[in-house]
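Listed here are the chains, written in short residue letters.
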Amino acid sequence: MIEDILKDVTEIDAVEGVYLASNRGEILDARGLSFDMDALKELSRRLLSISAFYATLGKKVTELEFYWARNFITCKVSDHFMVVAFSHSTQVHSLLRITLNVTMSKLLENKKFNKWVKSHLADRTYIIKKCEWTEAEEKLLAKLK
């Protein structure tokens with residue numbers, strides 16, 4: 001079931017791949033990516049930490065977009081997991097956003113997946129504490145507070 005849902009995202013032109021991560025930063029499933037799993041885990045932790053910092057300020061992040069490793073990254077964040085898609089072009093962003101919204105809704109409706117992913121829950125402060133920050137990142141984070 002999850003494979004079919006993620007396959008819909010990878011079928012979009014210019015999309016290199018997609019992965020699904022728990023809110024602990026663990027990779028649950030990945031399709032079409034050539035990146036090392038450790039690099040994806042670190043990226044997931046960074047994305048989750050951004051979301052967690054905004055949550056500590058009382059703001060909810062549902063989507064993140066940025067450029068990393070020669071790819072445009074679009075990330076949809078929920079309370080339990082996130083879906084991260086890699087694309088080579090910004091021309092597909094509108095279609096990609098719509099597809100990621102549909103993907104999130106399909107995953108949230110799947111009872112078996114929800115039961116499984118809820119067993120991987122972590123507090124938002126868990127991610128903030130777990131990441132090792134560089135000096136530059138600490139300066140940026142201090143400005144958020």
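Please refer to the structure placed before this passage.
Residues numbered from 1 in each chain as written. Predicted model: local features only at pLDDT ≥ 70, side-chain atom pairs only at ≥ 80, totals over all residues. Heavy atoms only, no water.

Trainee: Whenever I open this one, the overall build of the chain confuses me. Can you help?
Mentor: Summing up its helical and strand segments, the chain has 6 helices and 5 strands in all. For the chain, the N- to C-terminal ordering of α and β elements is α-β-β-α-β-β-β-α-α-α-α. Expressed as a percentage of its 145 residues, the buried residues of the chain come to 42%. As displayed, the chain has an accessible area near 8200 Å², and 52% of this comes from carbon and sulfur atoms. (Helix = DSSP H or I, 4+ residues; strand = E, 2+ residues; numbered from the N terminus. Buried < 20%, exposed > 50% of the residue type's maximum accessible area, 1.4 Å probe, protein only. Areas by Shrake-Rupley, 256 points an atom, 1.4 Å probe, with all protein chains shown as cover.)

Trainee: Mind showing me how you'd approach the pairing of strand β2 (residues 27–31) here?
Mentor: Regular strands place their side chains on alternate faces of the sheet. Relative to β2, strand β1 (residues 15–22) runs antiparallel, the two being bridged by 4 bridges. When the bridges of β2 are listed, Y19 appears paired with A30. With antiparallel pairing between neighbouring strands as the criterion, β1 and β2 make up a hairpin whose turn holds 4 residues, including G25 at a positive phi of roughly 90°. (Pairing = 2+ DSSP bridges.)

Trainee: What is the right way to read the packing of aromatic side chains from this model?
Mentor: Between two aromatic rings, the relevant description is the distance of the centres plus the angle of the planes. Considering all chains together, one arrives at 6 aromatic pairs under this definition. Measuring from centroid to centroid gives 5.3 Å for F35 and W68, while their planes differ by 40°, and the two rings are tilted. Highlighted residues: F35 in the loop between β2 and α2 (37–56) and W68 in strand β3 (residues 63–68), separated in sequence by 33 residues. Each residue in the set Y19, F35, W68 and F86 is aromatic and connected to the rest through ring pairs, giving one cluster. (Phe/Tyr/Trp six-rings, centres within 6.5 Å; stacked < 30°, edge-to-face > 60°.)

Trainee: Could you clarify how one ought to interpret the sheet that holds strand β5 (residues 81–87) in this entry?
Mentor: Pairing between the strands of a sheet is mediated by backbone hydrogen bonds and can be parallel or antiparallel. A sheet is described by the order of its strands in space; here 5 strands give the open sequence β2-β1-β5-β4-β3, paired in antiparallel fashion. This sheet does not close on itself; its edge strands, each paired only once, are β2 and β3. Across this sheet, the average inter-strand angle for adjacent strands is 15°, counted without regard to direction. The sheet contact formed by β1 and β5 spans 7 bridges and is antiparallel. By the bridge assignment for β5, S22 is matched with F81. (Axes fitted to C-alpha atoms, helices over the stretch in contact; angles between N-to-C directions.)

Trainee: Help me understand the pattern of salt bridges, please; the structure alone is not making it clear to me.
Mentor: Side chains that carry opposite charge are capable of pairing whenever their charged atoms lie near each other. Within this structure, the stated rule accounts for 9 salt bridges. R46 is the salt-bridge partner of E42, the closest N and O atoms lying 3.0 Å from each other. Taken as a pair, E42 and R46 lie in helix α2 at a separation of 4 residues, close to a single helical turn. Accessibility expressed as a relative area gives 32% for E42, which makes it partly exposed. (Salt bridge = Lys/Arg side-chain N within 4 Å of Asp/Glu carboxyl O.)

Trainee: I keep staring at helix α3 (residues 93–109) and nothing clicks. Help me out?
Mentor: A turn of α-helix holds 3.6 residues, and therefore any two residues three or four places apart point the same way. Between the first and last C-alpha of α3 there are 24 Å, a value that for 17 residues agrees with the 24 Å anticipated at 1.5 Å per step. Burial in α3 covers these residues: H93, L96, T99, L100, T103, M104 and L107. Around the axis of α3, the buried residues are gathered within 145° of arc, so they sit on the same side. For α3, the exposed residues set more than 90 degrees away from the buried face come down to I98 and E109. (Expected span 1.5 Å × (residues − 1). Arc of directions from axis to C-beta.)

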